[in-house]
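Chain and residue survey
Each chain is listed here by its residues.
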Amino acid sequence: MIKHDEILWEPKLKDYPHFDAPVNQQEAKKLATASEEVQKHKFFPFLSYKILSRKFATKKPKERVINYCARKDAYIYSYYRSILLDRYNLLLESYRLNDCIIAYRKIVQGNTESGKCNIHFAKDAFDEVVRRKECIAITLDITSFFESLNHSFIKQKWCEVLGVDELPQDHYRVYRQVTNYKVVDRDECYIRLGLMTIEVKDGKPKKKYIFSRKEQPKQLCSVEEFREKIAGDKGKYQSIIKNNPHVNKGELRGIPQGSPISDVIANMYLLDFDHNLKLLADKKDWYYRRYSDDILLLVPLDTNLEEVLRDIRIFLDKEGGYLSLKDNKSTFTKFYQTDDIIKCEILDEKGNTKNTDRGLEYLGFSFDGRKRTLKSQPIARYYKKTRQGIRSDIRRTYNGLTDLKKVQATIYHKYSTPNQKWKRNGNPHINFKTYGVRATKIMSDKSIKKQLNKHKKFIRRTLTEEIKKLN
């Protein structure tokens, strides 16, 4: 029996635009913690939009779908996440997996109450390489992880984590909604509700919002409007609500990446996989870590890499039938010691040397046995984002929307050293520069700081170039 009064949880209020009206803290908590209310709660579809990112070596941009749910739905998902996470953490301790599963959980630093972040996890892995001196680092990626989670297997793991044979009705309601989820494309929704139009400029479509971000209504439409214009109930409009695409194809798999509960579902889904791999790792003196769908193993030099891959594929095959490794993302980095210096080289899965130009790349960082640095891709993204931001801000000054000196100060605040007086909700501004400073401190390696040494020069040069273009 799940006792709701034993769960320590407070809702974090959401203020983004969605289909439902905002509620206060007390109303949010009352809804989410009352199992009877949850059982009869009508969930809205997720709003969905796409982010395109392009890597240097590829011409085709990578598409990432972001889903976010209505406010009341988010409070319910968040509360049931806290129930599952508490029990999941207990299982991890019993399986001696507490240090191995590092994503979506708070893992404290030593005797402090502060939680670790990806910088700490990368440092732990690099420190282990240094401790071992000679090893092979294997990084693996699970293909389309959230989209490949088998619904019946999710239900099985949900019951296992709760310690029950059948899901309680309120939990079953949440399970059904997150697996048989529905989505509405955000742009299509905004157009249908008259909140956005598409204009063609220079032969390219451009979005034009009717309201500014601050003026955008928090509740996008009334319930009646939702039924008529979004769900198409009265026949005047065609429904723009779409089902889980895999369910439409007859495959009962996939959960939305972006719901508050999806992360803990993904973690508990791999409970048996993690347990089996940890047992194998302990037996063979391997170091095992999993960050969501990213797997890291440190194995002895004489390890047969093809056998490692075979074992992991066997373990994955047992987890619902849809999981597989993304072969083109698998890497094998050999670390070895020469004259008290740790060096590295890249291997293929047969153990043959491919090149010696790169080191181990893990959680946004690179390590070649000596230097710990940021990966080149996030640095390139930072400079690209900075250039785009400066261009946009400078154009605003020439359109008479703001003052040039104020814009310049804002640019340095956003992309360089933040102004400590400019705080949001009492918290100092965090950007890529401050992230680099923090990483330098945690990693105890000034190589990271050196990577960003020229960022102010870049900002000054870009400012000059953009101002010249408009004069």
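Residues numbered from 1 in each chain as written. Predicted model: local features only at pLDDT ≥ 70, side-chain atom pairs only at ≥ 80, totals over all residues. Heavy atoms only, no water.

Observations regarding helix H10 (residues 262-269)
Let me state the cut-off plainly: Think of it in three bands: with a 1.4 Å probe and only protein chains considered, a residue is buried below 20% of the maximum accessible area for its type, exposed above 50%, and partly exposed in between. Elements are defined by DSSP. Helices are runs of H or I of four residues or more, strands are runs of E of two residues or more, and each kind is numbered from the N terminus.
Burial of H10 is extensive: 8 of the 8 residues sit out of reach of the surface. The set of residues buried in H10 consists of Ser262, Asp263, Val264, Ile265, Ala266, Asn267, Met268 and Tyr269.

A closer look at the sheet that holds strand E9 (residues 294-299)
The criterion, for reference: Should DSSP find at least two bridges between two strands, the strands are regarded as paired. For every element, the axis is a line fit to its C-alpha atoms; helices are fit only across the contacting stretch, and the angle between N-to-C directions ranges from 0 to 180 degrees. Note on contacts: a residue pair is in contact if any heavy atoms of the two residues lie within 4.5 Å.
Strand order across the open sheet formed by 6 strands is E8-E9-E3-E10-E11-E12, with antiparallel pairing between neighbours. The open sheet is flanked by strand E8 (287-291) and strand E12 (353-355), the only strands paired with a single partner. Mean inter-strand twist for the sheet, computed between neighbouring axes without regard to direction, equals 30°. Here strand E10 (residues 331-338) runs beside strand E11 (residues 341-347); their pairing, made up of 7 bridges, is antiparallel. Following the sheet pairing, Thr333 is matched in E11 by Ile346. Across the face of the sheet, helix H12 (residues 305-317) comes into contact with strand E3 (135-141), E9, E10 and E11 while running at roughly 35° to E3.

Section: the side chain of Asn431
Note the following rule: Any pair of nitrogen or oxygen atoms within 3.5 Å is treated as a polar contact; in protein, a donor-acceptor pairing is required on top of that, and neighbouring residues in sequence qualify only through side-chain atoms on both sides.
Its location among the elements puts Asn431 in the loop between helix H14 (404-415) and helix H15 (432-443). Here His413 takes part through its backbone oxygen, which lies 3.2 Å from a polar atom of the side chain of Asn431. A polar atom in the side chain of Asn431 sits 3.1 Å from the backbone oxygen of Lys414. Beyond its immediate chain neighbours, meaning those up to four positions away, Asn431 contacts His413, Lys414, Tyr415, Ser416 and Pro418.

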